[in-house]
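The lines below spell out each chain.
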Amino acid sequence: MSLKPYYQATRGGEKSLLRDIKPGDQLFVINEHSDRGKTYSEWVVTNKIDWLGHREVESPSHGGRMTAQSLLRKEREVLTQRPSHLPNLGVRDNHSAYTEEAHRAAKLAGDLHAREASASMSERYRRLARR
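Attention in this report is confined to the structure presented alongside it. (Residues numbered from 1 in each chain as written. Predicted model: local features only at pLDDT ≥ 70, side-chain atom pairs only at ≥ 80, totals over all residues. Heavy atoms only, no water.)

**Comments concerning the overall build of the protein**
1) Next: Counting secondary structure elements, the protein contains 3 helices and 6 strands.
2) Next: Each helix (α) and strand (β) of the protein, taken in turn from the N terminus, gives the series β-α-β-β-β-β-α-β-α.
3) Next: Computed over the C-alpha atoms, the radius of gyration of the protein is 16 Å, within 12% of the 14 Å expected from 2.2 N^0.38 for a compact globule of 131 residues.
4) Next: Dimensions of the protein, computed from the C-alpha atoms along their principal axes, are close to 50 × 35 × 25 Å.
5) Next: For the protein, buried positions account for 36% of its 131 residues.
6) Next: Considering only contacts in the protein between residues 6 or more positions apart, those separated by 24 or more positions represent 50%.
7) Next: Roughly 8200 Å² of accessible area belongs to the protein as shown, and the carbon and sulfur atoms make up 49% of that amount.
8) Next: The positive charge centre, built from 23 side chains, and the negative charge centre, built from 17, are 7 Å apart in the protein. (Helix = DSSP H or I, 4+ residues; strand = E, 2+ residues; numbered from the N terminus. Rg over C-alpha atoms; globule rule 2.2 N^0.38 Å. Buried < 20%, exposed > 50% of the residue type's maximum accessible area, 1.4 Å probe, protein only. Contact = heavy atoms within 4.5 Å. Areas by Shrake-Rupley, 256 points an atom, 1.4 Å probe, with all protein chains shown as cover. Lys, Arg positive; Asp, Glu negative; His and termini not counted. Charge placed at Lys NZ, Arg CZ, Asp CG, Glu CD.)

**What about the packing of aromatic side chains?**
1) Next: Under the definition given, this model contains 1 aromatic pair.
2) Next: Ring centres of Phe28 and Tyr40 lie 5.9 Å apart, and the angle between their planes is 70°; on these two criteria the pair is classed as edge-to-face. A residue pair is termed long-range when its members are at least 10 positions apart, and Phe28 in strand β2 (residues 26-33) and Tyr40 in strand β3 (residues 37-49) qualify at 12 residues.
3) Next: Judged by relative accessible area, which is 1%, Tyr40 ranks as buried. (Phe/Tyr/Trp six-rings, centres within 6.5 Å; stacked < 30°, edge-to-face > 60°.)

**Remarks on the environment of Glu116**
1) Next: Considering the arrangement of structural elements, one finds Glu116 in helix α3 (residues 100-130).
2) Next: Here Glu116 falls in the partly exposed class, since its relative accessible area comes to 48%.
3) Next: Residues Glu116 and Thr99, spaced 17 residues apart in sequence, show a C-alpha to C-alpha distance of 26 Å.

**Quick notes on the pairing of strand β4 (residues 55-58)**
1) Next: As paired elements, β3 and β4 share 3 bridges and run antiparallel to each other. Bridge assignment links Val44 to a residue of β4, and that residue is Glu58.
2) Next: Hairpin remark: β3 followed by β4, antiparallel, with 5 residues in the connecting loop; positive phi at Gly53, about 90°.
3) Next: Taken together, the 3 bridges between β4 and strand β5 (residues 65-67) define a ladder with antiparallel strand orientation. Residue Val57 lies in a different strand from β5, and its bridge partner there is Met66.
4) Next: Two successive antiparallel strands, β4 and β5, enclose a turn made up of 6 residues, where Gly63 displays a positive phi of approximately 75°. (Pairing = 2+ DSSP bridges.)

**Here we look at the packing of helix α1 (residues 11-20) against helix α2 (residues 68-75)**
1) Next: Two numbers describe how α1 lies on α2: the axes approach to 10 Å, and their chain directions differ by 145°. For the pair α1 and α2, the sense of crossing is right-handed. Of α2, the residues touching α1 (which contributes Gly13, Glu14, Leu17 and Leu18) are Ala68, Gln69, Leu72 and Arg73.
2) Next: Here the residues of the contact of α1 with α2 are counted per class, giving 4 nonpolar, 2 polar and 2 charged. (Axes fitted to C-alpha atoms, helices over the stretch in contact; angles between N-to-C directions. Left-handed = near helix turned anticlockwise from the far one by under 90°. Nonpolar A, V, L, I, M, F, W, Y, C, P; charged D, E, K, R; others polar.)

If you want it as structure tokens, here you go:
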């Protein structure tokens, strides 16, 4: 079964998400910050299941873990496609002394690293699920 573009925190949305996801799938949530505006964070579906039988997700940027069900309930909406118009929350942007061009390059390098880390984690969990 293919993933929908997004899942909302309704009973039907939760059931659909839990039925549709598989290890290695990437999920995205939009975060609202008072100082930075909107960003997104990324989560990868793992091959692990918690003691209640719920599938776990892991963040490639900070290594945090929770169930997919908890993520949806907490964030109220989960996307299955990367929101390209928003910056990645995992890419820290603390280089105010750089020139504008260097600042942009550092941000692009950070975003590339975050995407590669996510893709690597995703592939690892797909491989583990096949065993």
